[in-house]
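Letter by letter, the chains look like this.
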Amino acid sequence: MNVQVNEVWNQFLDTIKASVNQNSYATWFKPIKPLKLEDHSLTIQVPSQFFYEWLEQHYNTVINRSLAQVLGSEYKLVYSIVMDQATQAVHLPATKKTHGRANGHDNLNDRFTFESFVEGDSNKFAKAASMAVAKGPGKTSFNPLVVYGGVGLGKTHLIQAIGNYAKENTDTHRALYVDSERFTQHFIDSIQNNRSTEFSGLYRNVDILIIDDIQFFGNKERTQEEFFHTFNTLHQKGKQIVLSSDRPPKDLKGIEERLISRFQWGLVVDVQQPDLETRQAILQKKAEESGLEMPGEIYHFIATHVTSNIRELEGALIRLLAYSSLNSEDITLSLAKSLLKDVCIRNTKAISIEYIQKVTADYFDFPDDMLRAKTRKKEVAQARQIAMYLSKKMTDSSLKTIGLHFGGRDHSTVIHALNTVDQMIEHDKKIRGIVETIKNKIEIAQL
Ligand code: ADP
Ligand code: MG
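Residues numbered from 1 in each chain as written. Chains lettered and ligands numbered in written order. Predicted model: local features only at pLDDT ≥ 70, side-chain atom pairs only at ≥ 80, totals over all residues. Heavy atoms only, no water.

Caption draft 1: Representation of the packing of aromatic side chains within the structure. With the rule as written, the count across this model stands at 16 aromatic pairs. Note on phenylalanine 187 and phenylalanine 199: the rings are 5.4 Å apart at their centroids and 55° apart in plane angle, and the pair reads as tilted. Linking phenylalanine 187 in helix H7 (residues 180-192) with phenylalanine 199 in helix H8 (residues 196-204), this pair joins segments that are 12 residues apart in sequence. The exposure classification of phenylalanine 187 matches that of phenylalanine 199, with both residues buried. Ring plane angle 15° and centroid distance 6.2 Å describe the contact between phenylalanine 364 and phenylalanine 366, whose orientation is recorded as stacked. Judged by relative accessible area, phenylalanine 364 falls into the partly exposed class, the value being 22%. Among the residues examined, phenylalanine 366 registers a relative accessible area of 14% and is labelled buried. Taken together, the ring pairs connect Phe183, Phe187, Phe199, Tyr203, Phe217, Phe227, Phe231, Phe263 and Trp265 into an aromatic cluster. In this structure, arginine 258 is placed above the aromatic ring of phenylalanine 228, and the distance from its NZ or CZ to the ring centre is 3.7 Å. (Phe/Tyr/Trp six-rings, centres within 6.5 Å; stacked < 30°, edge-to-face > 60°. Helix = DSSP H or I, 4+ residues; strand = E, 2+ residues; numbered from the N terminus. Buried < 20%, exposed > 50% of the residue type's maximum accessible area, 1.4 Å probe, protein only. Lys NZ or Arg CZ within 6 Å of the ring centre and 35° of its normal.)

Caption draft 2: A look at the pairing of strand E5 (residues 175-179). With four of its five residues buried, E5 lies for the most part within the structure. Relative to strand E6 (residues 208-212), E5 runs parallel, the two sharing five bridges. Within E6, the position partnered with valine 178 by the bridge is isoleucine 211. (Pairing = 2+ DSSP bridges.)

Caption draft 3: Geometry of the site of ligand 1. Around ligand 1, the surrounding shell holds 19 residues, and the nearest of these are Val118, Gly152, Lys155, Thr156 and His157. Backbone polar atom of valine 118 to a nitrogen atom of ligand 1: 2.8 Å apart, as the coordinates give it. Within the side chain of threonine 156, one N or O atom sits 2.7 Å away from an oxygen atom of ligand 1. Notes on ligand 1: free accessible area 560 Å², of which the protein chains cover 96%. Taken together, the elements giving at least two residues each to the shell around ligand 1 come down to helix H6 (155-169), helix H11 (276-289) and helix H13 (310-327). Looking at the shell around ligand 1, its residues break down into seven nonpolar, seven polar and five charged. Counting contributing residues per domain, the shell around ligand 1 is built from domain 2 (124-270) and domain 3 (276-346), each supplying no fewer than three. (Near = heavy atom within 4 Å. Polar contact = N/O pair within 3.5 Å; in protein donor to acceptor, adjacent residues only side chain to side chain. Areas by Shrake-Rupley, 256 points an atom, 1.4 Å probe, with all protein chains shown as cover. Nonpolar A, V, L, I, M, F, W, Y, C, P; charged D, E, K, R; others polar. Domains from an automatic or database assignment.)

Caption draft 4: Spatial organisation of the packing of helix H12 (residues 296-305) against H13. For the pair H12 and H13, interaxial distance at closest approach is 10 Å and the crossing angle is 135°. Taken together, the axes of H12 and H13 are oblique relative to one another. Between H12 and H13 the crossing geometry is right-handed. Taken together, the residues of H13 that come into contact with H12 (itself represented by Ile298, Ile302 and Ala303) are Leu313, Ala316 and Leu320. Among the residues forming the contact of H12 with H13, the class breakdown is six nonpolar, no polar and no charged. (Axes fitted to C-alpha atoms, helices over the stretch in contact; angles between N-to-C directions. Parallel < 35°, antiparallel > 145°, perpendicular 65-115°, else oblique. Left-handed = near helix turned anticlockwise from the far one by under 90°. Contact = heavy atoms within 4.5 Å.)

Function cannot be inferred from these measures alone, as they are strictly geometric.
Structure follows, in structure tokens:
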């Protein structure tokens, strides 16, 4: 990037700053990266399609006016949109220089660093282990390092931070990040195109191999076979392997024993739900990074009510940002309360078994007392099992209580239902979709 484009860009930002409010500036302008200035056009990079459309719709006039002020009217603006998956998933205004741009070679997103990772009791151990690995890839006994835990708790962030750190601070030449689905797809493509040697060569010649969400290797035998050899080769060469999973390796389904045992050769660590203080610290850090200023009580309010995971915390913050920038309004506690009403209710209002029964029965289009009746008709029995399953997942009720709500069935019937549905979700896409849909309907109705 040349100096000139930066200079022009800074002048441009100064004029923008004078015409929009502080939150809009932080949300929609700070994340933009100027790329080049040539042929009477200024090319800028924005983090997503959504971002581009938003700018076009809301700030077109301001942008053109500022551009004309700085460069004269014959210049035009060209957008370059970052399209990598990582940035698509996260719409928070980007933080530092490169806004989550994925590097073409290693797929690492430079937004995921140890500095931007907030430590708390829930992730202390996982972070310490990741740090150790990042400082000496392949040199500790933590090989492989497996990080597991629920959705949105920072697994991807941590394992990518390892790659980013090692690249900068050790003699790691080649780090490679993929999620297991991309690995699988890549492998299948390589077989179809007679390129399996190339494939093996690529994955077996890195210093650090990071594979995300290995639970999706379940039941993919040939991919597992290939991965088994990749693993062995790297391990023998003293190269670092880092994996993430949504559950402990021993509980992985449809994965060969020999792989599971290898996953446990090194170190297995978990990330847990963050406590209130950590949630608040994370929010504060994210807000700070995007230049947002809010009274402290708002962080506390969000952190108290949004408890499920960190992605949801970010979501809440983005909503506030977007609203305040669109309406040029400062964020106050009462505004936050009204904007996040649905999130808060969802997290506090208890869901009843009766309600789950009603939504489930509605979905399958029969009266909800069928779920409590004796009938063993296949469709009804299956719906009943799903409703039992959701009752267990979505309420705090005991097995006994659940059984009682379903026509006085005993707790072993409920256990059987839970296992059956678990199995079906694992192996049957259609059922998984149905369960997901019903769950969403129940959740939405809570808003
Ligand atoms: P997972 O892979 O476990 O589903 P991610 O790593 O994708 O979760 O995290 C979800 C979002 O929350 C990401 O934007 C990530 O940067 C952020 N995040 C998670 N944990 C932390 C943390 N401890 N500090 C700061 N940000 C975090
Ligand atoms: Mg992840």
